[in-house]
Amino acid sequence: MNIYAIGDLHLSLAQPGKEMDLFGSHWENHFARISEDWQRRVGRDDVVLIPGDISWAMKLEDARPDLEAIGDLPGKKIIIRGNHDYWWGSAAKVESVLGHDTRIIQNNCIVEGEYVFCGSRGWTFPTDGPLGAEDNRIYERELIRLGLSLDCAKKHKDKRLIVMIHYPPLYEEFTNTEFTRMISAAGASEVVFGHLHGDVLNRIHLTDFQYAGGNYNLVSADYMDFRLKQIV
C-alpha cells in the first residue's frame, strides 16, 4: 500500500467563474493535470490524503460534482476540511454524498493497513497578540478536534500515525505550538499540510522539514506542480 497526498484542489465543477487560472496561468486545467498523474500512479489499494480546500462551493449540493470527481479517481481517499470548504456541514451530511472509497476525518481516526490517520483543520495562531473572539473560538475548537482524533488513534498503538492538518501547524521560526505539541506527543511519523500558495512560498521556509521526530510535508497542489506527493 502506497500513501500519497495533495491538498488545495479548489475545484469548481458546478460553479463557473471560480476557475483557479484567475490566480495565474500555472493553474490552467489544473484538475486534469492532477487527475492524469493520479490515474497513472495510484492503485486500488493505495491511500490519497487531501488536507482541505477541496471545493469552492458554498453549499453541499454544489460540492457534489467536485466530490464525485475525486471519488471516481483510483484509491482510497481520506479528506479533512480546509478554511475555504464552506460547504462542509456535519459529518453525517458530508458522508451522505461521498462514494464508498472516500472518508472524512472529523473527531475520529481511520485505520488502513499498518497506519492510522488523524487530523483537523487547524487555524491561525495567537502569535503577536490575542486572537479576535471568533478566531479564538475556532482555534480552540480545532485543538479539541485534533485531540479527539489523536485520542482515537491511541486505540491502535500498533499502527504508525500520520496526521493531516490544513493550516501549517507551526511558526516559520519553528517555534512549538499547541498543534505541534499534540502531534509530537502522539508520536506522528508523518504530517501533511496545505494552505500555502503562490508568493507566500517564496517568503517562508515551511515546506518540507523534520521537526520533533516527524516529517512535515507541504502538499498544496500548486507547490507540488499539480502532482501527488508520495508520503509512504
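These remarks concern the structure in this document.

Here we come to the nonpolar core. Counting residues in each nonpolar core, the largest one holds 31 residues, and the members touching the most others are Leu161 and Val163. A total of 7 residues in this core trace back to one element, the largest contributor, which is helix α4 (residues 133–153). When neighbours within four sequence positions are excluded, leucine 161 is seen to be in contact with Val116, Cys118, Leu150, Ala153, Ala186, Gly187, Ala188, Ser189 and Glu190. Counting 29 residues, the second-largest nonpolar core is a separate cluster that includes Ile34, Ile50, Trp87 and Val97.

Now for the sheet that holds strand β1 (residues 3–5). Taken in spatial order, the 5 strands of this open sheet run β4-β3-β2-β1-β11, and their pairing is mixed. What marks the edges here is a single partner per strand, and that holds for β4 (102–104) and β11 (229–230). Pairing of strand β2 (residues 47–51) with strand β3 (residues 76–80) involves 5 bridges; the strand directions are parallel. Looking at the pairing, proline 51 lines up with isoleucine 80 of β3.

Attention now moves to the pairing of strand β10 (residues 214–218). Most of β10 sits out of view: 4 of its 5 residues are buried. Across 4 bridges, the pairing between strand β8 (residues 190–193) and β10 is parallel. Residue valine 192 lies in a different strand from β10, and its bridge partner there is asparagine 217. Where strand β9 (residues 208–211) lies against β10, 4 bridges are found, and the strand directions are antiparallel. In the sheet register, tyrosine 211 faces β10, and the bridge partner there is glycine 214.

Relative to the helices and strands, histidine 197 is located in the loop between β8 and α6 (200–203). With 23 residues separating them along the chain, histidine 197 and serine 220 place their C-alpha atoms 7.0 Å apart. If sequence neighbours within four positions are ignored, histidine 197 has contacts with Asp8, His10, Trp27, Ser220 and Asp222. There is a polar contact of 3.2 Å between the side chain of histidine 197 and the side chain of aspartate 8.

Here we take up the pattern of salt bridges. Considering all chains together, one arrives at 13 salt bridges under this definition. Across the pair aspartate 151 and lysine 154 runs a salt bridge, and its minimum N-O distance is 3.2 Å. A residue is classified by how much of its surface remains accessible, and aspartate 151, at 40% relative accessible area, is partly exposed. Of the charged contacts in the structure, one is a salt bridge between aspartate 225 and arginine 227, with a shortest N-O distance of 3.3 Å. Owing to a relative accessible area of 39%, aspartate 225 belongs among the partly exposed residues under this scheme. A residue is classified by how much of its surface remains accessible, and arginine 227, at 42% relative accessible area, is partly exposed. Look at the salt bridges and you will find they share partners, linking Arg33, Asp225 and Arg227 into a network.

Below, the discussion takes up the sheet that holds β9. Read from one edge to the other, the open sheet built from 6 strands follows the order β5-β6-β7-β8-β10-β9, with strand pairing classed as mixed. Pairing within the sheet leaves two strands with one partner each, and these edge strands are β5 (110–112) and β9. When strand polarity is set aside, the average angle formed by the axes of neighbouring strands in this sheet is 25°. Sitting on the sheet, α4 is in contact with β6 (115–120) and β7 (160–165), with an inclination near 170° to β6.

Attention now moves to the side chain of asparagine 83. Here asparagine 83 shows up in the loop between β3 and α3 (91–95). Asparagine 83 sits in the buried class, given a relative accessible area of 13%. Among the polar contacts listed, one links the side chain of asparagine 83 to the side chain of histidine 166, at a separation of 2.9 Å. A distance of 3.3 Å separates a polar atom in the side chain of asparagine 83 from a polar atom in the side chain of histidine 195. Those residues in contact with asparagine 83 that lie beyond four places of it in its chain are Asp53, Arg121, Trp123, His166, Tyr167 and His195.

Counting buried residues in β3 gives 4 out of 5 residues, a clear majority hidden from the surface. As a crossover connection, the stretch from β2 through helix α2 (residues 60–71) into β3 is right-handed. Taken together, the 3 bridges between β3 and β4 define a ladder with parallel strand orientation. Pairing of lysine 77 across the sheet is with threonine 102, part of β4.

Parameters and conventions
- Residue numbers restart at each chain and count upward from 1, following the sequence in its written direction.
- Reporting in this predicted model follows two pLDDT cut-offs: at least 70 for local features of residues, and 80 or more for side-chain atom pairs to be given and counted; totals over whole chains, interfaces and linings ignore these cut-offs and use all residues.
- Only hydrogens and water are removed before side-chain values are computed, so all heavy atoms of the structure are retained for them.
- Remark: nonpolar core denotes a set of buried residues (Ala, Val, Leu, Ile, Met, Phe, Trp, Tyr, Cys) joined through side-chain atoms within 4.5 Å.
- Each residue gets one of three labels from its accessible area relative to the maximum for its type: buried under 20%, exposed over 50%, partly exposed in between, using a 1.4 Å probe on protein chains only.
- Only DSSP runs of H or I with at least four residues qualify as helices, and only runs of E with at least two residues qualify as strands; both kinds are numbered from the N terminus onward.
- Should any heavy atoms of two residues lie within 4.5 Å, those residues are considered in contact.
- The pairing criterion is simple: DSSP has to find at least two bridges between the two strands.
- Side-chain atoms alone can form a polar contact between residues adjacent in sequence; in general such a contact is a pair of N or O atoms within 3.5 Å, and within protein one must be able to donate a hydrogen while the other accepts it.
- For this analysis, a salt bridge means a side-chain nitrogen from Lys or Arg found within 4 Å of a carboxyl oxygen belonging to Asp or Glu.
- Helix axes are fitted to C-alpha atoms over the stretch in contact, other axes to C-alpha atoms as well, and angles between N-to-C directions run from 0 to 180 degrees.
- By convention a crossover is right-handed if, when the strands point away from the viewer, the path from the first strand over the helix to the second runs clockwise.

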